[in-house]
Every structure is written in C-alpha cells, then in structure tokens.
There are 2 protein chains.
Amino acid sequence: MSTIYDVADRAGVSAKTVSRVLNGDGPVGEKTRARVNQAIRELGYVPSQAARMMRSNKSGLIGLITGAISRNAEPTEPTGLPDLHIVQGIQAHMAAQGMTLMIADTGGAQDRVKPLIQTFQEHRVEGLIYVADYHREVDLSDALASCPVHLVNCYDATGRPCVLPDDRGGQHALTKRLVAHGHRRIAYVTLDRDMDATRLRSQGYRDALAQAGIGFDPALLNEGHKQEAPDANACLARAIDHLLELSTPPTVICCGNDEMALRLYGHLRRRGMRVPEEISIAGYDNYRAIAETLFPPLTTVELPYRVMGERVAARLLAQIASGTPPVDDLCELTASPVVWRDSVTAIQT
Amino acid sequence: MSTIYDVADRAGVSAKTVSRVLNGDGPVGEKTRARVNQAIRELGYVPSQAARMMRSNKSGLIGLITGAISRNAEPTEPTGLPDLHIVQGIQAHMAAQGMTLMIADTGGAQDRVKPLIQTFQEHRVEGLIYVADYHREVDLSDALASCPVHLVNCYDATGRPCVLPDDRGGQHALTKRLVAHGHRRIAYVTLDRDMDATRLRSQGYRDALAQAGIGFDPALLNEGHKQEAPDANACLARAIDHLLELSTPPTVICCGNDEMALRLYGHLRRRGMRVPEEISIAGYDNYRAIAETLFPPLTTVELPYRVMGERVAARLLAQIASGTPPVDDLCELTASPVVWRDSVTAIQT
DNA sequence: CGATGACATGACATCGGTGTCATAGGCGAG
DNA sequence: CTCGCCTATGACACCGATGTCATGTCATCG
C-alpha cells in the first residue's frame, strides 16, 4: 500500500502539498493539483486512517455492542421482533453522518462486554451504544468507558442516556382503538409477568379501559408465556381455554407479541373458530414477516425499533458534538403506533 | 486518554519497557512488571491501535459489506430468511479468532459499495466479505480492493472465492424424503422463475423424482411468486387453485420459502382443508420464527446461513494467513439439511 | 520603486506505539 | 581475573499522516 510520500515523489511535490490536495485546506495551484490527483489515481493511493487519527485524535468510529447477532441464532424465547432492526436504524443514521460503525456481539455472554469495550477503546471510538434484545434494565457497572455511552431498548441504574419504546402508550392506543370499534370484552394475553414491557403495557391497557369507563376484569388478563415453562404453546393453550370458557368470553384477544398471535391463529383454527368473524386478534411488534403474511393480516402495534435506532444515533452524535449529555430528556420514549389490519372486526353495539 | 509515556513516567521506566510488559516480548524484571501494571491500572491506560497499526501494518480488522441491515427494513419481497444470520456466523468466527469486524451497509444502493470499500481501505482492513441477500450473481467489477475479497450467498464472473447454499441438494433431499414417506404427487410452488435458487432447486426436485422412478408432471411445478406481480398473495392463490383442480391433485405442496408456506396455511384454511391430514406442506429456509411457531410446525429445508457465515470467515482468514486463495475449492457449497416437523404426514401406499 | 500582502509550497516536528541497537550489571567458565 | 553470555533496560529512529512556521514568487498600491 503506497503512502503519501510515494504520491508526493511521483507528483514531484512535498507530502504536505499532497495533504492539502486531499483535505482541501490551504491553496494549491491548478496544475499541481492535477499532477497530484493523477499520481493518486496511478498509485491507487488510499490515506491511512491510523496515521490520520494519531494527529487528529478523531477516529470517526462508533462502537456498538449487541447480543442481537448471535442471540437470534437460538430463538429459545419468543421475545418478538429481532432487535437487529435497532441496529439498522443506527447504521443508517451513522452512515448518513459519515461515521463508521464497529459492531461487536456479546454472543449472549455478559462477561464478554468488558473485553469488547477494551477493543473499542483501543480503536478510540468516539461513542458507544449498547443495544438490548428486549426492553429491560441492564447492569453495565463494570463497563467503564472514557467516551459517551448510550443505551437503547434498556436503561440502567446509573442513569445513562437511553431510548425506550413507549410500551404503555402503545398498548393504551391499541386498547382505545379496540374500544372505538365497539369491543368491550378485551382480553390481554401477556408475555412473562416480570418483564418491563408486560408491566407497562398492562398499565396502558388498564388506563385505556378506565378512560372508556369499562371495568377491569382480572379474568381477561392472562400470562400467556412463562420464562420457566418448557412448552410455551401449552401455556398459551391454557390461557385460551380459560378465556373461551368464561360466561362472557372476550370479543378480541390482544397478544404479547406477533408470534404468540401466530400460534393463537393455529389454536383457534383447531377449535374451528374463524378470525375475525367469531373472534378478533391483535398482536404486538408489527413483525412484518408474520403480521403481513398471516391470513387475515394481523392488527398489531409497531415496536419502533428502527426509529429507536435512529434516535440513539442522533442523540449520541449530538452529545459528542456538544460535549454534554441530553439534559431534559435523558430517557426518551419512542411512539408506538397502532397498525390496523384485518384481524380485528368492528362489533355492533 | 493517557499514553504509554504517561505510564512509563508513573512507573519510572522507559516507554519501551511498558511496551514489553504489554506485549510479552523481551524480558522484564518481576518488580518492574508489577510497577508497570499498577501504573496501567491507575491511569486506565488503553494502548492505541492506530499507533500500533502504523508500525506493524496489521489492523486486525475485517470489512463486511451487506445490504442485510437496511434492506430488511422494507420487506417488499418475500426473499426468505434474513441474511443477517450469515453475518452472525461471520461475527462469531471472527470474534473467536480475535479479529474485529467492521460492518457497513449499502442501504440497498449498489453505488455505495465503492465508497464503503474506500473507507475500509483507509482503515487497512485485512480482508473483505460481501454478503448478498439471496443466492445470486453480483458484479463487483468496480470494487477493486487491495486485500482478499470473499463472497457469501453470491458469486461473480471474475471467479472470486465464494460460499453458496446447496440449493440443488436441499430440494433433492427434501423430495427424496417425501417420496420415502409415500408421496408420489409432489407439487412444487417456486419463487421467481429466474432466480438461481429456483433453477437449482427445480433441478434437485426433478433429479430426485427421476431417481425414484416418478415421472415429472409439469402441472405440479408452479411459479408462486413473481417479482413484477403487485399482489404476491393472488399469484400464490392462482397456483393453489390450479393444483387442487387437477384430476389427481398433489398430496404435498413444497413452497419456495417458509413465508409462502405460512400464507399457504391461510389459503388452505379458507378452503377448509386440514394440514397435514388432507394435504401436506413443506417450506424452505427453516425460518424458525415461522416454521416452529406455525400449527402444525413446518417441515422445511434449512438454509444454512449461519454455517455459511462461519465458512467464509474461516476461508478468508485461511487465505490471509497463507497468502493464497483456496485452490481446489474456490466455490464452496454448504449442505442444506431437511428439518422434519409435523406439516407432512406419511401416505399409505 | 519599494513595501505589502496573497498565494503556493516545503521543512520539520509531532502523534503513540514498536523494532533495532546499545549498554550496564551479574554470573559461570576457562 | 577476565572473557563471554545472558538478563534487564533505555535511547532513538520510524511508521504516515497533519499542524506550524518559514520561504519564495508575484501582483498591487502608494
């Protein structure tokens, strides 16, 4: 690989002049510039970031830590939409801003985070983003970096800046929309009870019911998936049995995610029930490979992973540029719009 | 960020001695080593890769170009399994070998490949991997890099080393397995006719039939998806109508991918047909979010994306280490095993 | 005509590590 | 004793860019 000196020699100028041509600082004569550019082309010269970085102390690199890449390989838990979409959003924003992303994967092992950060530091990344696989609290206490660290899809006790999905608002909007379509008996089959998403969405569900003047019926709120349960399907089946045996069964069932809704289609089909004519179904995540492909297409709530990715990226770059973390908005909620499709029908009231 | 000289000063030694402690070359006295290590800890010193790279000319970086990250954001075409899984495999292998991966995304625009390669060159990557979203030919003629370039899930006219899925073998194995379960009328609803995967799998399908002594019936081979068709579902519906109206309808329908199979479940359900009692279904890809979650779970062929990722990574590193590209095996096919689930039943013969 | 400044260019130091070579002390062999 | 060798350490140059400062050449202006 040729250097700036090779180019300088070939063009018959000094290295500094080549540098000026490359960076456009300082004046360069027209003919000189042409000779230099020709030499660059002939040699296939590409400047070394390493050398640049040494002087400028600016790497143009952003580090990204995720379990997304490896974790999806073993989809043991139905956690919904691949968090990879968050990475998409980050990547898109960074590329647009001329930053280069270094992506590292923990392979699911928390103890790999530390060495990964070490590697990033060696490359002098200007900022770090930690992506969680689902909405939850994380502990990055051992991960002390000398650059800004932002979190997406998670938060920590030390109050690092973070971007989260608005789970409460999402389920609230969905429930409100269902009520507007005449539904009064609205069941909600949740993910694991101790997940943040479940807690927040249940709250949104109950708030919407209360605002509509509908009493909350505990019998309609079921846990459809248990972390420790060996057979997720069995758990879901029990929840459905329970709901359908009620004296006043629900007219619509909301699921904790779209995969669960997909399985629900299968269970209802086995029972010979038609969707949405006999019962409506709603999901969560807007996992398009499922929601758009199912018949009938699934009404669901968008988990705005891509947008969240773009938001952290923007916030991190803003902090790098300004030197100060976001002040009034340390933890940003991202809107989760309802995506209305054909799996929910209106109820005559 | 502190430097090696700061550490040296604090430990009361020369920079070179610190370097020796860090790299373990050359002898260092026991007490000196302890003092140096302490100074490193106290200062939180992290060596600069940039400075290292300048002397050693080894970056420890591998560049990865993909459309995977951005493309999936707009799932307009049912191309099947996210190619991201290839990236998973690459990442896993690279991490295990101590290489750092720089991932760049084309955003779907081919003209971004060139500047991305430029960026990678500036960072002096030691190798480059290009990941395609589905099995196809690519043209990287303008992308001349001064380091080894390997392709995954694609090949090019210039004969670059590549790793491909064994589409022919996969469909062949599936068909053979169906025959072994008594099926004689085996339908195959393909992806777009002009895709490499379709051509190869059709060949595998026909080969397996021929080896079983079953005549090939063109009426059983349908194109279930057309690139230019606005409504993929309508196209699939026509294909099914056509198959079920045959005087001797098929006992099993193979689909071009799992999403298509998912839609097929819906169509058959609308017709009131039970899977697999009245008709069997097989997919392709082993897209687990779908195949494992459907009811009944879907028999399919594994698209070995993760393994393919690991293979390219290994082959690229081998070339970097040896200096010579893989000779006898420039284009490696990766086995695509059948994953047997409940959507296919045995036929009494 | 000489002073003034804009323009074009180069010499040189510098960033933070590592390779090369030199040096000083200790120890066993001849 | 002293020569040779090993251990432990440091001085210094170098990798490839860029920032700083100096220098040389014109054109312009008073």
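Values in this document were obtained by computation on a predicted structure and should not be read as measured data.

Reading the values: the criteria
Numbering of residues starts from 1 in every chain and runs along the sequence as written. Throughout, the order in which chains and ligands are written sets their labels, letters from A for the former and numbers from 1 for the latter. Side-chain atom pairs in this predicted model are given and counted only at pLDDT of 80 or more, local residue features only at pLDDT of at least 70, and totals for whole chains, interfaces and linings cover all residues. Hydrogens and water molecules were not included; the side-chain quantities draw on all heavy atoms of the structure. The helix count covers DSSP runs of H or I at least four residues long, the strand count covers runs of E at least two residues long, and both are numbered beginning at the N terminus. Atoms counted for the radius of gyration: C-alpha only. Globule rule: 2.2 Å times residue count to the power 0.38. Only protein chains enter the calculation, and the probe is 1.4 Å; a residue is then buried if its accessible area is under 20% of its type maximum, exposed if over 50%, and partly exposed in between. Whether two residues touch is decided by their heavy atoms; if any such pair falls within 4.5 Å, the residues are in contact. Only the protein chains shown count as cover for residues, and all accessible areas are computed by the Shrake-Rupley method using a 1.4 Å probe. Counted as positive: Lys and Arg. Counted as negative: Asp and Glu. His and the chain ends are not counted at all. For the purpose of locating charges, the reference atoms are NZ of Lys, CZ of Arg, CG of Asp and CD of Glu. We treat two strands as partners when DSSP finds at least two bridges between them. For helices, the axis comes from a line fit to the C-alpha atoms of the stretch in contact; other axes are also lines fit to C-alpha atoms, and the angle between any two N-to-C directions lies between 0 and 180 degrees. The nearness test applies per residue and asks whether one of its heavy atoms lies within 4 Å of the molecule or strand. Identification of polar contacts relies on pairs of N or O atoms within 3.5 Å, with a donor-acceptor requirement for protein atoms, meaning one able to donate a hydrogen and the other able to accept it, and with residues adjacent in sequence counted only if both atoms are side-chain atoms. Detection works on a 1 Å grid of protein atoms alone, calling trapped sets that fit a 1.4 Å probe cavities and calling open sets with protein on both sides within 12 Å along at least five of seven lines pockets, with lining residues defined by an atom within 4 Å of a point. Grid points are joined across faces, edges and corners, and a volume is the space filled by probe spheres set on the points. Gly is put with the polar residues, along with every residue not named as nonpolar or charged; the nonpolar set is Ala, Val, Leu, Ile, Met, Phe, Trp, Tyr, Cys and Pro, and the charged set is Asp, Glu, Lys and Arg. Multiplying 1.5 Å by the helix residue count minus one yields the expected span of that helix. By definition here, a salt bridge exists when the distance from a side-chain nitrogen of Lys or Arg to a carboxyl oxygen of Asp or Glu is within 4 Å. Here the bounds of each domain stem from an automatic or database domain assignment. Fitting of the copies onto one another was done by least squares over C-alpha atoms, counting residues only where both copies have pLDDT of at least 70. We define buried area as the total accessible area lost by two parts upon association, computed with a 1.4 Å probe and summed across both.

**Q** So what exactly am I meant to see when it comes to the overall build of chain A here?
**A** Scanning chain A from N- to C-terminus turns up 13 helices and 12 strands. At 26 Å, chain A has a C-alpha radius of gyration far larger than the 20 Å of a compact globule built from 349 residues. Considered along the principal axes of its C-alpha atoms, chain A spans approximately 90 × 40 × 40 Å. Burial analysis of chain A (349 residues in total) assigns 57% to the buried set. Contacts spanning at least 24 positions in sequence make up 69% of the contacts within chain A whose residues lie at least 6 apart. Accessible surface for chain A amounts to roughly 14,700 Å². Of this, 49% is attributable to carbon and sulfur atoms. Each charge class in chain A was averaged separately, 37 positive and 41 negative side chains, and the resulting centres sit 6 Å apart.

**Q** Help me out: how do you make sense of the sheet that holds strand E9 (residues 280-282) of chain B in this one?
**A** Residues and elements named next belong to chain B. One open sheet accounts for 4 strands, arranged E7-E6-E8-E9; its pairing is parallel. The open sheet has two edge strands, strand E7 (221-223) and E9, and neither has a second partner. Taking each pair of neighbouring strands and ignoring which way they run, the sheet shows an average axis angle of 20°. Examined bridge by bridge, strand E8 (residues 252-255) and E9 share 3 bridges and lie parallel to one another. What sits directly across from cysteine 254, in E9, is alanine 282.

**Q** Is there a simple way to think about the protein's contact with DNA strand D in this case?
**A** In the neighbourhood of DNA strand D, 27 residues make up the surrounding shell, with Ile4 of chain A together with Thr17, Gly29, Thr32 and Arg55 of chain B lying closest. Sugar and phosphate atoms form 54% of the subset of DNA strand D atoms that lie within 4 Å of the protein. The side chain of arginine 55 of chain A places a nitrogen or oxygen atom 3.3 Å from a base oxygen of DNA strand D. Mapped onto the surface near DNA strand D, the elements with two or more residues apiece are helix H1 (4-11), helix H2 (15-23) and helix H4 (49-56) of chain A together with helix H2 (15-23) and helix H4 (49-56) of chain B. Here the element with the most residues in the surface near DNA strand D is H4 of chain A; it accounts for 4 residues.

**Q** Help me out: how do you make sense of the sheet that holds strand E6 (residues 186-190) of chain A in this one?
**A** The pairing of strands in a sheet happens through backbone hydrogen bonds and is either parallel or antiparallel. Residues and elements named next belong to chain A. The 4 strands lie next to each other as E7-E6-E8-E9, forming an open sheet whose pairing is parallel. Only two strands of the sheet have a single neighbouring strand rather than two, namely strand E7 (221-223) and strand E9 (280-282). Pairs of neighbouring strands in the sheet enclose a mean axial angle of 20°, with direction left out of account. Bridge count between E6 and E7: 3 bridges; the pairing is parallel. The residue of E7 that forms the bridge with tyrosine 188 is leucine 221. Relative to the sheet, helix H9 (residues 196-211) contacts E6 and E7, its axis offset from that of E6 by approximately 175°.

**Q** In this structure, what is going on with the pairing of strand E3 (residues 127-138) of chain A? I would like to understand it.
**A** Here is the key point about a regular strand: its side chains alternate between the two faces of the sheet. Residues and elements named next belong to chain A. Within E3, 9 of the 12 residues are buried, which leaves the element mostly enclosed by the surrounding structure. For strand E1 (residues 61-66) and E3, the ladder comprises 5 bridges, and the chain directions are parallel. Directly across from leucine 64, in E3, lies its bridge partner isoleucine 129. Taken together, the 7 bridges between E3 and strand E4 (residues 149-156) define a ladder with parallel strand orientation. Residue arginine 136 lies in a different strand from E4, and its bridge partner there is cysteine 154.

**Q** Is there a simple way to explain the layout of surface pockets in this structure?
**A** To find leftover empty space, a probe the size of one water molecule is rolled over the atoms. By volume, the second largest pocket is sized at about 1,100 Å³. Every residue lining the second largest pocket is counted, 33 residues in all, and those nearest its centre are Arg124 of chain A together with Thr3, Pro47, Ser48 and Ala51 of chain B. For the lining of the second largest pocket, the elements supplying multiple residues, two or more each, are H4 and helix H7 (113-122) of chain A together with helix H1 (4-11), H2 and H4 of chain B. Residues belonging to the lining of the second largest pocket are distributed by class as follows: 18 nonpolar, 8 polar and 7 charged.

**Q** In this structure, what is going on with helix H11 (residues 258-270) of chain A? I would like to understand it.
**A** Given 3.6 residues per turn, any residue in an α-helix points the same way as the ones three and four places further on. Residues and elements named next belong to chain A. Taking 1.5 Å of rise per residue, the 13 residues of H11 would be expected to cover 18 Å, and the 19 Å separating its terminal C-alpha atoms lies within 8% of that figure. Along H11, the positions that sit buried rather than exposed are Asp258, Glu259, Met260, Ala261, Leu262, Arg263, Leu264, Tyr265, Gly266, His267, Leu268 and Arg269. Residue asparagine 257 occupies the N-cap position of H11, its side-chain oxygen lying 3.1 Å from the main-chain nitrogen of glutamate 259.

**Q** What's the story with the side chain of arginine 341 of chain A in this structure? I'm lost.
**A** All names here are of chain A. For arginine 341, the location among the structural elements is in the segment after strand E12 (338-339). For arginine 341, a relative accessible area of 14% puts it in the buried group. Polar side-chain contacts of arginine 341 include one of 3.0 Å to the side chain of asparagine 286. Among the polar contacts listed, one links the side chain of arginine 341 to the backbone oxygen of leucine 298, at a separation of 2.9 Å. For arginine 341, the contacting residues outside a window of four places in its chain are Asn286, Ala291, Glu292, Pro297, Leu298, Thr299 and Thr300.

**Q** I would appreciate a short explanation of the pattern of salt bridges in the present structure.
**A** When their charged atoms lie close together, side chains carrying opposite charge are able to pair. Inspection of the entire model under this criterion finds 32 salt bridges over all chains. For arginine 193 of chain A, the salt bridge goes to glutamate 223 of chain A, with nearest N and O atoms at 3.8 Å. In this pair, arginine 193 of chain A sits in the loop between E6 and H9 while glutamate 223 of chain A sits in strand E7, placing the two residues 30 residues apart along the sequence. Taking relative accessible area as the criterion, glutamate 223 of chain A reaches 16% and is therefore assigned buried. A salt bridge links aspartate 196 of chain B to arginine 199 of chain B; its shortest N-O distance comes to 2.6 Å. Here aspartate 196 of chain B and its partner arginine 199 of chain B are both found in helix H9 (residues 196-211), 3 residues apart, which amounts to about one turn of the helix.

**Q** Help me understand the domain arrangement of chain A in this model?
**A** How big an interface is tends to be expressed through the accessible area that disappears when the partners come together. Looking at chain A, the domain boundaries give domain 1 (4-47), domain 2 (61-166 + 305-334) and domain 3 (167-302). Of note, the centres of domain 1 of chain A and domain 3 of chain A, computed from C-alpha atoms alone, are 65 Å apart.

**Q** I'm lost on the relation of the copies chain A and chain B in this one. Help?
**A** The operation relating the pair of chain copies consists of a rotation about an axis and a translation along that axis. The transform that puts chain A on chain B rotates by 180° and translates by 0.0 Å along the axis, for an RMSD of 0.1 Å. Look at the turn and shift together and you get a two-fold axis relating the two. Comparing interface residues between copies, 100% of those in chain A also lie at the interface in chain B; the contact surface is shared.

**Q** Please explain the interface of chain A and chain B as it appears in this structure.
**A** Taken together, the contact between chain A and chain B spans 55 residues of the former and 55 residues of the latter. Summed over both partners, the interface of chain A with chain B buries about 4,800 Å², with 62% contributed by carbon and sulfur atoms. When residues of chain A are sorted by the area they lose upon contact with chain B, Arg124, Arg269 and Phe295 of chain A head the list and together hold 14% of the total. There are 0 salt bridges connecting chain A and chain B. Where chain A packs against chain B, one counts 7 residue pairs in polar contact (both at pLDDT 80 or more). For the side of chain A that touches chain B, the secondary-structure elements that each account for two or more residues are H4, helix H5 (68-71), helix H6 (84-96), strand E2 (100-105), H7, H11 and helix H12 (288-291) of chain A. The biggest single contributor to the side of chain A that touches chain B is H11 of chain A, with 7 residues. Its residues placed into classes, the side of chain A that touches chain B shows 28 nonpolar, 16 polar and 11 charged.

**Q** Could you clarify how one ought to interpret helix H13 (residues 305-322) of chain A in this entry?
**A** All names here are of chain A. Look at H13: 26 Å from first C-alpha to last across 18 residues, which is about the 26 Å you get at 1.5 Å a residue. Buried residues of H13: Tyr305, Met308, Gly309, Val312, Ala313, Arg315, Leu316, Leu317 and Gln319, and no others. Looking at the packing, one finds that the buried side of H13 touches E1, H6, E3, E4, strand E5 (162-165) and strand E11 (331-334).

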